[in-house]
Amino acid sequence: MTNRPARQVHPELAETFEALPPSADPYEDIEGTREAFRAMLSAHPADRTGVRSERFDIPRADGSALTVEVYRPKAAPSPGEALPAVLHLHGGGYAIGRSLPGQDRAAIALCRQLPAVTIAVEYRLAPEHRYPAGVEDCYLALEWTARRADALGIDPARIALTGKSAGGGLSAAVALMSRDRGGPALAYQSLCVPDLDDRVGAEAVTEQPGAESAQESAAGPRPDPRVANPRSVQAVWEHYLPEGVKADAYAAPSRAADLSGLPPAYVLVCDLDPLRDAGLAYARRLMDAGVAVTVRNVPGAWHGFELYAPDTRVAKEMTAHWTGQLRTALYPAAAEQDVE
């Protein structure tokens, strides 16, 4: 294999990259990790201007309940006008990332900017609830949303899925589930830095300490341990999949044999992200299966860089692009008028 030149950090992000804090194993004390995340959210409440929300409990087959929070624009739509809906599936390695009640920043931003009814799904988290608990919760939320479209003021022909990282992987999996189960029709799947393939980083964890994997050497120097790297990706899968269980397509969508008949897709990747190549490969397979796909690569950026550098041009352009593509998919008539 011919080695690729090392990919460099984007100049605008270099200072932020150098200042990144040391990483820690989030699974070493998962409750402590979650508590620290909740404390960070509490210290910086979300701006809910122009948005209202309501919480609902959806009964599961075992008698427990799945909680979703439905965000709506405060400004009422025109009489008789239904809004599109977006199911937002949060990231966080399938183990953290749940927002505080009424505080889901991504859902609020989409609700306000698209505009859309945005449903934040509080799916069960690993490692206490391993696959398929989380993805089945997300599919249950999709069914509930479609079934209650009239009551929620939703256009059932304009329902989309979106999520980052693990949320992107869940979005892809739910799209597969809905196709295979004859479930609700989906207008779009927006997969941002998605975690799609349990094989990413598998070589790295089988090597002797200090050895470089073929994947790492092909990309240049060994990845910085402060950011997502092959070993940290494998740790996610070790805690998400039940012990001894091999991933199937609803756990790792890259394992799906057939990608035909899926909704149009958006795939966003970051150049320094170990998930990049799997995301690009999935996008290519979608294209080859006849699915309309838009792909965006953020050069010189690592997984989750926008959390550390939200005010940079590269972060704002990335957010504007994936949000704009989602808006175009859900408001096709308006997009056609803009072209004219």
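Everything below is about the structure printed above this text.
The rules we used
- Per-chain numbering applies: the sequence of each chain, read as written, is numbered from 1 onward.
- For this predicted model, a pLDDT threshold of at least 70 governs which residues receive local features, and a threshold of 80 or more governs which side-chain atom pairs are given and counted, while totals over whole chains, interfaces and linings are taken from all residues.
- Values reported for side chains reflect all heavy atoms of the structure, with hydrogen atoms and water molecules removed beforehand.
- Secondary structure follows DSSP: runs of H or I at least 4 residues long count as helices, runs of E at least 2 residues long count as strands, and numbering of each begins at the N terminus.
- Radius of gyration: over C-alpha atoms. The globule rule applied is 2.2 Å multiplied by the number of residues raised to the 0.38 power.
- Burial classes: relative accessible area under 20% of the type maximum marks a residue as buried, over 50% as exposed, and values in between as partly exposed (1.4 Å probe, protein chains only).
- Here, residues are in contact when the closest pair of their heavy atoms is within 4.5 Å.
- In this count, Lys and Arg are taken as positive residues and Asp and Glu as negative ones, while His and the chain termini are left out.
- Lys charges are placed at NZ, Arg charges at CZ, Asp charges at CG and Glu charges at CD.
- A residue counts toward a patch only above 30% relative accessible area and without a salt bridge, and it is joined to like-charged neighbours within 9 Å or, for Val, Leu, Ile, Met, Phe, Trp and Tyr, to nonpolar neighbours within 5 Å.
- Here the open area of atoms and residues is found with the Shrake-Rupley method and a 1.4 Å probe, where only the protein chains shown may cover a residue.
- Just to be clear on terms, a salt bridge is a Lys or Arg side-chain nitrogen sitting within 4 Å of an Asp or Glu carboxyl oxygen.
- In this scheme, strands are said to pair when DSSP sees at least two bridges between them.
- Axis definition: a line fitted to C-alpha atoms, over the contacting stretch in the case of helices. Angles run 0 to 180 degrees between N-to-C directions.
- Cavities and pockets are found on a 1 Å grid laid over the protein atoms alone: a cavity is a set of points where a 1.4 Å probe fits but cannot escape, a pocket is an open set with protein on both sides within 12 Å along at least five of seven lines, and a lining residue has an atom within 4 Å of such a point.
- Grid points are joined across faces, edges and corners, and a volume is the space filled by probe spheres set on the points.
- Amino acids outside the nonpolar list (Ala, Val, Leu, Ile, Met, Phe, Trp, Tyr, Cys, Pro) and the charged list (Asp, Glu, Lys, Arg) are all regarded as polar, and Gly is one of them.
- What we call a nonpolar core is a set of buried Ala, Val, Leu, Ile, Met, Phe, Trp, Tyr and Cys residues that are connected through their side-chain atoms within 4.5 Å.

(A) Highlighting the overall build of the protein. When helices and strands are tallied, the protein shows 13 helices and eight strands. Relative to its length of 340 residues, the protein is compact, with a C-alpha radius of gyration of 19 Å against a globular reference of 20 Å. Its C-alpha atoms put the protein at 65 × 50 × 45 Å along the principal axes. In the protein, which comprises 340 residues, the proportion classed as buried is 51%. By sequence separation, contacts in the protein at least 24 residues apart represent 77% of the contacts at least 6 residues apart. Within the protein, one finds 34 positive and 45 negative side-chain charges whose respective centroids are separated by 3 Å.

(B) Structural context of a nonpolar patch on the surface. Nonpolar side chains collect at one region of the surface, where Leu-280, Met-287 and Val-295 lie side by side and expose about 210 Å² of accessible area between them. Within the element layout of this structure, Leu-280 appears in helix α10 (residues 276–288).

(C) Spatial organisation of the sheet that holds strand β4 (residues 117–121). Strand order in the open sheet made by the eight strands is β1-β2-β4-β3-β5-β6-β7-β8, with mixed pairing throughout. Since the sheet does not close on itself, it has two edges, and those belong to β1 (51–59) and β8 (293–298), each with one partner. Neighbour-to-neighbour, the strand axes of the sheet open up by a mean angle of 20 degrees, direction not taken into account.

(D) Layout of the environment of Val-51. Structurally, Val-51 can be placed in strand β1. Owing to a relative accessible area of 1%, Val-51 belongs among the buried residues under this scheme. Sequence spacing of Val-51 and Ala-107 is 56 residues, and the spatial spacing of their C-alpha atoms is 9.9 Å.

(E) Structural view of empty space enclosed by the protein. Tallied over the full model, the rule gives one cavity of 30 Å³ or more. Volume-wise, the largest cavity comes out at about 40 Å³. Lining the largest cavity, in full, are His-90, Arg-98, Ser-99, Asp-104, Ala-120, Val-121 and Glu-122. Looking at the lining of the largest cavity, its residues break down into two nonpolar, two polar and three charged.

(F) Local environment of the nonpolar core. Core analysis: the largest hydrophobic core is formed by 97 residues, its most contacted members being Val-68, Ile-119, Val-121, Tyr-240, Tyr-282, Phe-305 and Leu-326. At eight residues, helix α6 (residues 166–180) tops the list of elements feeding residues into this core. For Ile-119, the residues in contact, after removing those within four places along its chain, are Val-68, Glu-69, Val-70, Ala-85, Val-86, Leu-87, His-88, Thr-145 and Ile-154. Grouped together as the second largest cluster of nonpolar side chains are seven residues, Ala-46, Ala-107, Ile-108 and Ala-120 included.

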